[in-house]
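# Chain and residue survey
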Amino acid sequence: EAQVTQNPRYLITVTGKKLTVTCSQNMNHEYMSWYRQDPGLGLRQIYYSMNVEVTDKGDVPEGYKVSRKEKRNFPLILESPSPNQTSLYFCASRGQGGTEAFFGQGTRLTVV
Amino acid sequence: GQQVMQIPQYQHVQEGEDFTTYCNSSTTLSNIQWYKQRPGGHPVFLIQLVKSGEVKKQKRLTFQFGEAKKNSSLHITATQTTDVGTYFCRPDFGNEKLTFGTGTRLTIIP
């Protein structure tokens, strides 16, 4: 089954404690992206990657890091989480040519 | 810059009433996609519009792409409780950023 898998689904952490949210897709997609979703603000892009070892900033990259060492994986790293990073996070992937995007199930992160 | 505005932000309708959400871009688009996110779920692709003036239908849903390829709309006829959720447009500006509109949250009053 074609899917994008995020882990964990829920996470509560404390300010400053480094964390990683994993994202994996099994569709051999070149493009992967991270979003955060906050009430009234829609889906805001954090980082995206057009292929292995190619990453670029989205609209809200501050406080986040990503890596793309393998085509299937695109982890989101918060080196020093802060409460304003409490949000619902989605990973998405897409093949070449402007096709539809496939989303993971989401990760609800709370930073206290 | 390349911006898109999606309106309204929220819409409450009685079951059976119609619903429309609009996506308006400041620049010409290559294409536009629409997604639906059910409460507690993730966005799911509905449709893609590519041609100027294109109209596509999926049962009670009608999607339109403006003649100038700057505007699009999603219209639901006779809403049902299963239509509840947030609808996002995804304008393609010809770059790789994969940005989305701010979404329209639809709630249905039974």
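Here, every reference points to the structure presented above.
Residues numbered from 1 in each chain as written. Chains lettered and ligands numbered in written order. Predicted model: local features only at pLDDT ≥ 70, side-chain atom pairs only at ≥ 80, totals over all residues. Heavy atoms only, no water.

All names here are of chain B. Strand order in the open sheet formed by five strands is β2-β10-β9-β4-β5, and the pairing between neighbours is mixed. Single-partner strands in this sheet number two, and they are β2 (10-14) and β5 (44-49). Looking at each pair of strands side by side, their axes are set apart by 25 degrees on average, direction ignored. By the bridge criterion, five bridges tie strand β4 (residues 31-37) to β5 in an arrangement that is antiparallel. The residue of β5 that forms the bridge with Tyr35 is Phe45. (Pairing = 2+ DSSP bridges. Helix = DSSP H or I, 4+ residues; strand = E, 2+ residues; numbered from the N terminus. Axes fitted to C-alpha atoms, helices over the stretch in contact; angles between N-to-C directions.)

What follows covers the state of the cysteines. Where two cysteines share a covalent bond between their sulfur atoms, that bond is called a disulfide. Residue and element names in this part refer to chain A. Tallying each qualifying case throughout the model produces two disulfides over all chains. With its sulfur 1.9 Å from that of its partner, Cys23 forms a disulfide with Cys91. Note on the Cys23 and Cys91 pair: the S-S dihedral is about -75 degrees, so by sign convention the disulfide is left-handed. Of the two residues, Cys23 is situated in strand β3 (residues 19-25) and Cys91 in strand β9 (residues 87-94); the sequence distance between them amounts to 68 residues. Judged by relative accessible area, Cys23 falls into the buried class, the value being 2%. (Disulfide = S-S within 2.5 Å. Buried < 20%, exposed > 50% of the residue type's maximum accessible area, 1.4 Å probe, protein only.)

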